[in-house]
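Report on the structure
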Amino acid sequence: MTTTADTGATLDSHDRYDYSPITGRRGGTWPGGKKLAVYVAIGIEDYHFGAGQTENLLEGVPAPDLVNTSWRDYGNRVGAFRLLDRLSGLDIPATILLNTAVYDTAPELLDHARSLGVEIVGHGVSNSDSLQGLAEADEADYLRGVSARIEAEEGTAPLGWSSPWLTHTESTVDLLGEGGYRYLLDLRLDDQPIWLTTRAEPLLAIPYALELNDSTSIIGRGVGASEFADMLIDEFDELLDAAGDQPLVMSIVVHSFISGVPFRLRQLTRALEHLAAHRDDVWFTQPHAIYEAVRAHATTEEVDHVGN
């Protein structure tokens, strides 16, 4: 049998980032001498009724599906307010992965979020959308349209993007840089932010722990609320130990209609209180600040190579 090792052939791959072992990187700290950066992102989403992709609790409900629709609607009516207030009470800044349709369907929620100083990250128009299959020109228009709507509502364009359903095309990374986005929250290739190679502007991949996401773990894999909280605590404790010599990043991604329900919020709060008790060593922050810190300390070579 002929193997790759026998022939010296290379495996098919991509050209967005090179291999880099974490053991070979320089040390340092985050602002204030903190060892571990932690950001908490809340998915605040909206869905078309009866069309496109949906997040469902119960599969196979025939149309008109008011059951799953009302389950999701709880998030923007109740859950998001409680999640935002819980984070604020723990002095943990919130980041919102926002479907811009929410500006029209739940404007009071965005008013409340704005009053708490959240960061808005582009997350599409609706979570019934997907970038998959879009022609490059159409995708570029879509990404610019999301940015323009957020800028019109918030006064500044978003620096960050996270794709609905974590979908991408061959052009997404390039188009994000060309469209004014500067970081991506979709990938966990590392415990540190990593520059992605693009054809234009630099794009920073800020760690996004796919399993520390209540959608993928609780709904997708049936993880219980208390188990999810334990996952957050274990991830945090392990990363805090590992961050002794290098600045690392931990992400938590929750959704208004999943972790915003009372029994899950109680368990999530248990985990967040554990994290907050270690505030002396932890930088509770938002992705834009992580981006700015990385950008400020990057060498010219580290940043400039990504456009080549």
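So, here's what we can say about the structure. (Residues numbered from 1 in each chain as written. Predicted model: local features only at pLDDT ≥ 70, side-chain atom pairs only at ≥ 80, totals over all residues. Heavy atoms only, no water.)

Attention now moves to the nonpolar core. Generally speaking, soluble globular proteins have nonpolar side chains that are buried together. Grouped together as the largest cluster of nonpolar side chains are 65 residues, with contacts concentrated most on Leu36, Trp161 and Met250. Here the element with the most residues in this core is helix α8 (residues 225-242); it accounts for 8 residues. Among all residues touching Leu36, those that are not within four sequence positions of it are Trp30, Phe236, Leu239, Leu240, Ala243, Leu248, Val249, Met250, Asp281, Val282 and Trp283. Residues Leu185, Leu204, Val249 and Ala293 belong to the second largest nonpolar core, which totals 21 residues. (Core = buried A, V, L, I, M, F, W, Y, C linked by side-chain atoms within 4.5 Å. Buried < 20%, exposed > 50% of the residue type's maximum accessible area, 1.4 Å probe, protein only. Helix = DSSP H or I, 4+ residues; strand = E, 2+ residues; numbered from the N terminus. Contact = heavy atoms within 4.5 Å.)

The subject of this paragraph is the packing of helix α2 (residues 66-89) against helix α4 (residues 107-115). α4 packs onto α2 with a crossing angle of 0° between their chain directions and a minimal axis gap of 10 Å. Taken together, the axes of α2 and α4 are roughly parallel relative to one another. Of the residues in α4, those in contact with Asn76, Ala80, Phe81, Leu84 and Asp85 of α2 are Glu108, Leu109, His112 and Ala113. In terms of residue class, the contact of α2 with α4 is built from 5 nonpolar, 2 polar and 2 charged. (Axes fitted to C-alpha atoms, helices over the stretch in contact; angles between N-to-C directions. Parallel < 35°, antiparallel > 145°, perpendicular 65-115°, else oblique. Nonpolar A, V, L, I, M, F, W, Y, C, P; charged D, E, K, R; others polar.)

For the rest of this paragraph, the subject is the layout of surface pockets. In this structure, the second largest pocket occupies an estimated 310 Å³ of space. Around the second largest pocket, the lining is made up of 13 residues, and of these His14, Arg16, His168, Val173 and Leu187 lie nearest the centre. In the lining of the second largest pocket, the residues fall into 6 nonpolar, 3 polar and 4 charged. (1 Å grid on protein atoms, 1.4 Å probe; cavity = no way out; pocket = protein on both sides within 12 Å on 5 of 7 lines; lining within 4 Å. Points joined across faces, edges and corners; volume = space filled by probe spheres on them.)

The next point concerns empty space enclosed by the protein. Under the counting rule described, the total for this entry stands at 1 cavity of 30 Å³ or more. One number sums up the size of the largest cavity: a volume of about 30 Å³. Forming the boundary of the largest cavity are Arg188, Asp191, Pro207, Ala209, Glu235, Leu239, Val249, Met250 and Ser251. Only α8 and β8 (248-255) provide two or more residues apiece to the lining of the largest cavity. Looking at which element gives the most residues to the lining of the largest cavity, the answer is β8, with 3 residues. Classifying every residue of the lining of the largest cavity gives 5 nonpolar, 1 polar and 3 charged.

Another aspect to go through is the packing of α8 against helix α9 (residues 262-276). Put simply, α8 and α9 touch, their axes get as near as 8 Å, and they point 15° apart. Between α8 and α9, the angle is such that the two are roughly parallel. Classified by chirality, the crossing of α9 by α8 is right-handed. Contacts between α8 and α9 involve Ala225, Ser226, Ala229, Asp230, Leu232, Ile233, Phe236 and Asp237 from the former and Phe263, Arg264, Gln267, Leu268, Arg270, Ala271, His274 and Leu275 from the latter. The residue makeup of the contact of α8 with α9, split by class, is 9 nonpolar, 3 polar and 4 charged. (Left-handed = near helix turned anticlockwise from the far one by under 90°.)

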